[in-house]
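For reference, the chains in residue letters:
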Amino acid sequence: MNNKRSKDLTSIAIMIAIIIVLGLFPPIPLGFLPVPIVLQNLGIMLSGALLGAKKGSAAVAGFLILAAIGFPVLTGGNGGLQAFYGPSSTYLFAYLMTAFLIGLARDHQLLSQDRPLFVQYLAIWIPGVLLTNLVGAIGMSHFGNMPYLTAAASTLVFYIGDSIKAFLVLILVKRLNKLAIFK
């Protein structure tokens, strides 16, 4: 195995581990929604922002495969196929899209230092917060027996925390890129 491939696989494995560790933080149930507040989506955004579209998506896909085959890697120690069939299931499917789109933004230099900070933030926020919650609302609508627009409006409760997570991702990417750990 060549050095670049070894480094790529190591980066993907480290990112999978980071996503899993973020799932160790307990979910915060809201009571009025069937989907809790979690920290794990920070790792999903981080995977695309640090690794790019291909490797970031591979890390998220690896994480989702571990969850699907039953490893308790999801927030709250959940795992298994049943996690992919319920109110938060479409969030899991959105995770792959999120990492890919943020990774594309990184690959197309939208997260580079020469871009305005607002552009960098939007490149993370649009897929990581807006699209993830819009896709996630599909599961809440279907499994929660509520109209989609009601479900989509109810996800607004996640926007403040998710927006802060997107900002943290931007800060972490800047710091980690200086260290050249994931380059």
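Residues numbered from 1 in each chain as written. Predicted model: local features only at pLDDT ≥ 70, side-chain atom pairs only at ≥ 80, totals over all residues. Heavy atoms only, no water.

Take the side chain of Ser141 next. Here Ser141 shows up in helix α4 (residues 117-143). A distance of 2.7 Å separates the side chain of Ser141 from the backbone oxygen of Met146, its partner in a polar contact. A polar contact is formed between the side chain of Ser141 and the backbone nitrogen of Tyr148, at a distance of 3.4 Å. When neighbours within four sequence positions are excluded, Ser141 is seen to be in contact with Met146, Pro147, Tyr148 and Ala151. (Helix = DSSP H or I, 4+ residues; strand = E, 2+ residues; numbered from the N terminus. Polar contact = N/O pair within 3.5 Å; in protein donor to acceptor, adjacent residues only side chain to side chain. Contact = heavy atoms within 4.5 Å.)

Taken as a whole, this structure holds five aromatic pairs when the rule is applied. Residues Tyr85 and Phe143 carry aromatic rings whose centres are separated by 4.6 Å and whose planes lie at 80° to one another, so their mutual orientation is edge-to-face. Here Tyr85 is found in the loop between α2 (40-68) and α3 (89-107), whereas its partner Phe143 is found in helix α4, with 58 residues between them in sequence. A relative accessible area of 60% means that Tyr85 is categorised as exposed. (Phe/Tyr/Trp six-rings, centres within 6.5 Å; stacked < 30°, edge-to-face > 60°. Buried < 20%, exposed > 50% of the residue type's maximum accessible area, 1.4 Å probe, protein only.)

We now examine the environment of Phe158. By the secondary structure assignment, Phe158 is in helix α6 (residues 156-179). Remark: the alpha-carbon pair of Phe158 and Ile37, spanning 121 residues in sequence, is separated by 7.0 Å. Beyond its immediate chain neighbours, meaning those up to four positions away, Phe158 contacts Leu30, Leu33, Val35, Pro36, Ile37, Tyr91 and Asn133.

Let's shift gears to the UniProt feature "transmembrane region" (unreviewed entry) in the protein. UniProt's feature table lists "transmembrane region" (unreviewed entry) at residues 9-26, 32-51, 58-77, 83-105, 117-139 and 151-173, given in the numbering used throughout. In residues 32-51, the share of helix is 60% and the share of strand is 0%. The end C-alpha atoms are 36 Å apart. (UniProt positions renumbered as here; feature names shortened; annotations may be inferred.)

Further remarks concern a nonpolar patch on the surface. Judged by side-chain polarity, Leu117, Ile160, Ile164, Phe167, Leu168, Ile171 and Leu172 come together as a nonpolar surface patch covering roughly 620 Å² of accessible area. The greatest single-element share of the nonpolar patch, amounting to six residues, is contributed by α6. With respect to the helices, strands and loops of the structure, Leu168 is situated in helix α6. Judged by relative accessible area, Leu168 falls into the partly exposed class, the value being 38%. (Patch = residues over 30% accessible without salt bridge, like charges linked within 9 Å, V, L, I, M, F, W, Y side chains within 5 Å. Areas by Shrake-Rupley, 256 points an atom, 1.4 Å probe, with all protein chains shown as cover. Salt bridge = Lys/Arg side-chain N within 4 Å of Asp/Glu carboxyl O.)

A word on α4. Spanning 27 residues, α4 covers 38 Å between terminal C-alpha atoms, matching the ideal 39 Å at 1.5 Å per step. A maximum bend of about 40° is found in α4 at Trp125, where proline Pro127 lies one to four positions downstream. Asn145 occupies a position one or two residues after α4 and carries a positive phi of about 50°. (Expected span 1.5 Å × (residues − 1). Bend = angle between axes of the 7 residues up to and from the residue.)

Before going further, it helps to spend a moment on the layout of surface pockets. To find the voids left in a structure, one rolls a probe of water-molecule size over its atoms. Here the largest pocket defines a volume of roughly 460 Å³. Looking at the largest pocket, it is lined by 25 residues, and the ones nearest its centre are Val35, Pro36, Val38, Ser88 and Tyr95. Within the residue set of the lining of the largest pocket, elements represented by two or more residues are α2, α3, α4 and α6. Looking at the lining of the largest pocket residue by residue, the classes come out as 14 nonpolar, nine polar and two charged. (1 Å grid on protein atoms, 1.4 Å probe; cavity = no way out; pocket = protein on both sides within 12 Å on 5 of 7 lines; lining within 4 Å. Points joined across faces, edges and corners; volume = space filled by probe spheres on them. Nonpolar A, V, L, I, M, F, W, Y, C, P; charged D, E, K, R; others polar.)

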